[in-house]
Amino acid sequence: MADHDGDLDDGATATSPPPAGDDGGRPVLHDSKRPPRWVPRVLVMGAVAVFAAAWVWGAIQQLNTVFVYLLIAFFIALALEPIVVWLVRHGWRRGVAAGTAFFGSVIVAIVVLAMFGNLFVQQLVQLVGNLPGLYVRISESIEASFDVDLPASDDLLEQLLAEYGTDVATGTLAIGTTVVGAVFASLTIGLVTYYLMAAGPQFRAAVCRWLSPSRQTEVLRLWEITQVKVSDFISSRVVLAALSAAFTAVFLVIVGTPYALPLALFTGIVSQFIPTIGTYIGGALPVAVALTSQGVPQAVAVLAFIIAYQQLENLYFSPKVSARALEMNPAVSFVVVLAFGAVFGALGAFLALPIAATIQAVANTYLTRHELVDSDMLRDPSGPAPKGGRRARNLRAAREAARTVAERRADGIE
């Protein structure tokens with residue numbers, strides 16, 4: 001009997017109800033009225049992650065200018081690398097060759113600025129000095145033609161000073177700050193450029209040491225492609241600058257504008273190597289010289305020539321030269337410049353073509369191209385249009401599509 005009772009006890013123990021849970025499932029590890037113990041830890045980790053992301057984003061925004069300086073220095077070093085390599089092959093040490101190429105380019109830039117900067121300042125001073133007389137002549141012509149009274153030049157000057165004097169003072173302070181920033185940026189870019197050029201293979205070796213041999217080959221190939229494309233970009237700019245200078249010099253000689261050759265060189269160099277606004281800066285000086293030394297008709301003629309040549313260059317010279325040097329479609333090169341300029345500003349417009357050409361070259365290297373199918377859409381027609389016009393072509397295309405469907409069904413392909 002005791003055994004029977006024990007068996008009953010054991011059976012009761014074996015079939016005892018499970019601990020309280022969800023519908024007899026696994027036991028609940030926490031009180032359902034309180035949140036799980038891991039919730040505060042997750043909230044703290046989420047808050048830390050948000051603050052860390054905000055800090056990183058702010059740091060990136062602050063370092064944006066530094067990244068731009070490094071990018072400019074990198075492309076300048078790539079552009080001057082062929083000169084350094086040529087000097088090294090002729091027995092020069094790497095550091096001396098890099099210093100010669102870098103400081104030689106700086107000296108050339110300073111000489112160009114000294115030559116044309118003095119002329120620009122002189123013509124600007126002369127233009128400002130002639131503005132009152134020019135305003136008097138224009139106002140007399142307008143008063144005689146339209147019977148209106150314009151304020152005198154002295155009264156107009158006093159009114160402008162009273163209205164915009166504070167803005168002029170603020171603008172002068174801003175210009176001073178901009179000049180200091182430009183000097184700092186130039187020194188930073190120059191220093192980084194020289195170190196990149198002087199390091200040369202050592203810098204590439206330091207980068208490749210962190211990569212596997214297969215990755216090293218890919219990085220070095222990409223580096224070489226980028227260097228070639230940047231050099232091609234510089235050569236295309238030089239060609240376009242020479243064309244602009246030649247056409248401008250011929251026109252200025254025909255019009256009789258003084259300083260035709262230096263003005264033409266200034267226009268060609270500035271219009272090609274200063275993106276977006278370079279054309280306007282390069283064309284402003286010849287127009288100012290023609291206005292101060294010849295008169296309004298000659299200045300209008302020079303301005304009309306600058307605008308007309310810019311259209312000719314945009315539509316013909318620049319697409320042809322850029323497409324030939326960078327192996328890009330003319331329409332693609334034009335759209336790339338507009339897109340990069342809209343997103344990244346003047347720097348993006350200047351570096352758009354070499355960056356896009358590098359991406360295209362990398363795509364051609366690593367992506368597979370397939371054979372084209374036989375289609376009339378991939379070539380221009382070689383003869384007269386078939387009889388029947390569009391209706392006949394549509395019927396023929398429908399019959400070909402039906403034939404293709406029938407062949408697939410016959411082969412068991414749905």
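Residues numbered from 1 in each chain as written. Predicted model: local features only at pLDDT ≥ 70, side-chain atom pairs only at ≥ 80, totals over all residues. Heavy atoms only, no water.

Concerning the packing of aromatic side chains
Enumeration according to the criterion identifies 12 aromatic pairs in this entry. Between F251 and F305, the ring centres sit 4.4 Å apart and the planes meet at 5 degrees, which makes this aromatic pair stacked. Of the two residues, F251 is situated in helix α7 (residues 213–255) and F305 in helix α10 (residues 296–326); the sequence distance between them amounts to 54 residues. Taken together, F247, F251, F305, Y309, Y316 and F317 form an aromatic cluster joined through their ring pairs. (Phe/Tyr/Trp six-rings, centres within 6.5 Å; stacked < 30°, edge-to-face > 60°. Helix = DSSP H or I, 4+ residues; strand = E, 2+ residues; numbered from the N terminus.)

Quick word on the packing of α7 against helix α8 (residues 260–273)
One way to put it is that α7 packs onto α8 with a least axis distance of 7 Å and a crossing angle of 145 degrees. Where α7 crosses over α8, the two elements pack in a sense that is right-handed. On α8, the residues that touch R237, V238, L240, A241, S244, A245, T248, A249, L252 and V253 of α7 are A260, L263, A264, L265, T267, G268, I269, S271, Q272 and F273. A class-by-class count of the residues in the contact of α7 with α8 yields 13 nonpolar, six polar and one charged. (Axes fitted to C-alpha atoms, helices over the stretch in contact; angles between N-to-C directions. Left-handed = near helix turned anticlockwise from the far one by under 90°. Contact = heavy atoms within 4.5 Å. Nonpolar A, V, L, I, M, F, W, Y, C, P; charged D, E, K, R; others polar.)

As for a nonpolar patch on the surface
Residues W55, V56, W57, I60, L63, V66, F67 and L70 make up a contiguous nonpolar surface patch of roughly 830 Å² in combined accessible area. Top element by residues in the nonpolar patch is helix α2 (residues 38–62). It accounts for four residues. For V66, the location among the structural elements is in helix α3 (residues 64–89). Assessed through its relative accessible area of 40%, V66 is described here as partly exposed. (Patch = residues over 30% accessible without salt bridge, like charges linked within 9 Å, V, L, I, M, F, W, Y side chains within 5 Å. Areas by Shrake-Rupley, 256 points an atom, 1.4 Å probe, with all protein chains shown as cover. Salt bridge = Lys/Arg side-chain N within 4 Å of Asp/Glu carboxyl O. Buried < 20%, exposed > 50% of the residue type's maximum accessible area, 1.4 Å probe, protein only.)

Looking at the pattern of salt bridges
The full count for this structure, using the stated rule, is two salt bridges. The partner of R94 in a salt bridge is E81, with the nearest N and O atoms 2.8 Å apart. Of the two residues, R94 is situated in helix α4 (residues 94–146) and E81 in helix α3; the sequence distance between them amounts to 13 residues. Owing to a relative accessible area of 18%, R94 belongs among the buried residues under this scheme. Residue classification places E81 among the buried positions, given a relative accessible area of 6%. Here E218 ties to R215 by a salt bridge, and the two come within 3.3 Å at their closest N and O atoms. With E218 and R215 both in helix α7 and three residues apart, this pair spans about one turn of that helix. Classification of E218 as partly exposed rests on a relative accessible area of 33%.

Notes on the confidence of the model for the protein
Per-residue confidence for the protein gives a mean pLDDT of 76, with 74% of residues at or over 70. Least confident of the elements in the protein is helix α1 (residues 2–14), whose mean pLDDT is 47; most confident is helix α6 (residues 201–208), at 88. Confidence drops under a pLDDT of 50 for residues 4–14, and excluding neighbours within four residues, the segment shows zero contacts in the predicted structure. (pLDDT = per-residue confidence, 0-100.)

Points about the nonpolar core
Counting residues in hydrophobic clusters, the biggest one holds 18 residues, and the most contacted among them are L252, L263, L285, V302 and F305. Mapped onto this core, the elements with two or more residues apiece are α7, α8, α9 (278–293) and α10. With seven residues, α10 is the single largest residue contributor to this core. Excluding its chain neighbours within four sequence positions, the residues that come into contact with F305 are F247, T248 and F251. Core analysis: the next-biggest nonpolar cluster, separate from the first, contains 10 residues, A77, L80, A97 and L196 among them. (Core = buried A, V, L, I, M, F, W, Y, C linked by side-chain atoms within 4.5 Å.)

Quick notes on the environment of F317
In this fold, F317 is placed in helix α10. Sequence separation between F317 and V239 is 78 residues; the distance between their C-alpha atoms is 9.6 Å. Once residues within four sequence positions are removed from consideration, F317 is found in contact with L240, L243, F247, Y309 and L312.

Things to note about the side chain of T267
Within the fold, T267 resides in helix α8. Within the structure, the side chain of T267 is placed 2.9 Å from the backbone oxygen of G282, a separation counted as a polar contact. Once residues within four sequence positions are removed from consideration, T267 is found in contact with S244, T248, G282, G283, P286 and I306. (Polar contact = N/O pair within 3.5 Å; in protein donor to acceptor, adjacent residues only side chain to side chain.)

Digging into the environment of Y259
Relative to the assigned elements, Y259 resides in the loop between α7 and α8. Sequence separation between Y259 and V289 is 30 residues, and the spatial gap between their C-alpha atoms is 8.5 Å.

Comments concerning α8
Helix length check: α8 (14 residues) gives 20 Å between terminal C-alpha atoms against 20 Å at 1.5 Å per residue, within 8%. Along α8, the residues that are buried comprise A260, L263, A264, F266, T267, G268, V270, S271 and Q272. (Expected span 1.5 Å × (residues − 1).)

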